[in-house]
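Report on the structure
Letter by letter, the chains look like this.
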Amino acid sequence: MIVFPAIDLKSGQVVRLAEGDMARATVYADDPAAQAERFAAAAADWLHVVDLDGAFAGESVNGDAVRAIGVTFSGKIQLGGGIRSRASLERWFRLGIDRAVIGTAALTDPDLVNEAARDFPGRIVVAVDARDGMVATQGWADVSDVPVIDLARRFEDAGVAALLFTDVGRDGLLKGANVEATAALAAAQLLPVIASGGVAGIEDIHALKACPGLEGVIAGRAIYDGRLDLAQAIAAAR
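This report concerns the structure included in the present document.

Cut-offs applied
Residues numbered from 1 in each chain as written. Predicted model: local features only at pLDDT ≥ 70, side-chain atom pairs only at ≥ 80, totals over all residues. Heavy atoms only, no water. Helix = DSSP H or I, 4+ residues; strand = E, 2+ residues; numbered from the N terminus. Rg over C-alpha atoms; globule rule 2.2 N^0.38 Å. Buried < 20%, exposed > 50% of the residue type's maximum accessible area, 1.4 Å probe, protein only. Contact = heavy atoms within 4.5 Å. Areas by Shrake-Rupley, 256 points an atom, 1.4 Å probe, with all protein chains shown as cover. Salt bridge = Lys/Arg side-chain N within 4 Å of Asp/Glu carboxyl O. 1 Å grid on protein atoms, 1.4 Å probe; cavity = no way out; pocket = protein on both sides within 12 Å on 5 of 7 lines; lining within 4 Å. Points joined across faces, edges and corners; volume = space filled by probe spheres on them. Phe/Tyr/Trp six-rings, centres within 6.5 Å; stacked < 30°, edge-to-face > 60°. Axes fitted to C-alpha atoms, helices over the stretch in contact; angles between N-to-C directions. Parallel < 35°, antiparallel > 145°, perpendicular 65-115°, else oblique. Left-handed = near helix turned anticlockwise from the far one by under 90°.

Some points on the overall build of the protein
When helices and strands are tallied, the protein shows 11 helices and 12 strands. The C-alpha radius of gyration of the protein comes to 16 Å, within 12% of the 18 Å expected for a compact globule of 238 residues. With the C-alpha coordinates of the protein rotated into their principal frame, the extents come out at 40 × 35 × 35 Å. A buried classification covers 55% of the 238 residues belonging to the protein. Within the protein, contacts between residues separated by at least 24 positions form 67% of all contacts whose residues are at least 6 apart in sequence. Of the roughly 9,500 Å² of accessible surface on the protein, a fraction of 47% belongs to carbon and sulfur atoms.

A short note on the pattern of salt bridges
Oppositely charged side chains can form a pair if their charged atoms are brought close together. The tally for this structure, following the rule as stated, stands at 7 salt bridges. A salt bridge links Asp8 to Arg16; the shortest N-O distance between them is 2.5 Å. Among the residues examined, Asp8 registers a relative accessible area of 7% and is labelled buried. Residue classification places Arg16 among the buried positions, given a relative accessible area of 6%. A salt bridge links Arg86 to Glu90; its shortest N-O distance comes to 2.8 Å. Remark: Glu90 and Arg86 occur in helix α4 (residues 86-94); sequence separation between them is 4 residues, near one turn of the helix. A relative accessible area of 30% places Glu90 in the partly exposed class. Here the salt bridges do not stand alone but share partners, grouping Arg86, Glu90, Arg118 and Asp119 into one network.

Digging into the layout of surface pockets
Its volume calculated, the largest pocket comes out at about 210 Å³. Taken together, Ala130, Arg131, Asp132, Gly133, Val148, Ile149, Phe165, Asp167, Gly169, Asn178, Ala181 and Leu185 make up the lining of the largest pocket. Broken down by secondary-structure element, the contributors of at least two residues to the lining of the largest pocket are β7 (124-131), α7 (148-154), β10 (162-167) and α8 (179-188).

Focus on the packing of aromatic side chains
By the definition in use, this model includes 4 aromatic pairs. Consider the rings of Tyr28 and Tyr224, whose centres lie 4.9 Å apart with planes at 25 degrees: the pair is stacked. Here Tyr28, found in strand β3 (residues 21-29), pairs with Tyr224, found in helix α10 (residues 221-224); they are 196 residues apart in sequence, far enough to count as distant. With a relative accessible area of 16%, Tyr224 lands in the buried category. An angle of 55 degrees between the planes, with centres 4.9 Å apart, marks the rings of Phe93 and Phe120 as tilted. Separated by 27 residues along the polypeptide, Phe93 in helix α4 and Phe120 in the loop between α6 (110-119) and β7 bring together distant segments of the chain. For Phe93, a relative accessible area of 9% corresponds to the buried category. Following the ring pairs from residue to residue traces out a cluster consisting of Tyr28, Phe39 and Tyr224.

Here's the deal with the packing of helix α9 (residues 202-209) against helix α11 (residues 230-237)
Here α9 crosses α11 at 20 degrees, and the two axes come no closer than 10 Å. On the basis of their axis angle, the class for α9 and α11 is roughly parallel. The two elements α9 and α11 cross, and the hand of that crossing is right-handed. Note on element contacts: α11 touches α9 through Gln232, Ala233, Ala236 and Ala237, opposite Ile202, Ile205, His206 and Lys209.

Here it is in structure tokens:
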């Protein structure tokens, strides 16, 4: 199982939100590239980077910070936030991003996902963000009437690399991962699942690793607050 340390970008800074609320942001670092280097030193092979401003704007806002991370981090980068067009995907791939996470557009423009998964095999991740079992979009500001499992199943045969499942109600709150819901999603469809939201400590890593069908887990605040040692988590996941 892959442990993806998270770098969430707001106004060029590394932050963590509570339940996706931009007004509840905690700033952890002013230099995203330096933070990426610290994660590399802990043996991280992957980073999960989110352009939070871009998720609300619908287009890249923190592009300079993302590019700086790409220069300093020697591993692979998974990027999400405001990627809603073919042009945006192609631009990031040209700049060296390894995988792109599509969230809102997976609901509003499924053809984009299907075509991108066909043309960029293994490089498209679909974000399935959940509030009370329903898909949340537009930076989690809106909640649709589409059940999470319905959206997930739409792309089973499209060739996407994985589903990124986030329990929005737990994200950034250190409540513990929603292992039950994550395992249920993994069991109900064919795609690998990446767990996100609520990771509080090493116990979550062990619990998620025991779930069949999980590719990885994203951890943010627990690492920044010192509750989860990244090197230890990576070793446990392996």
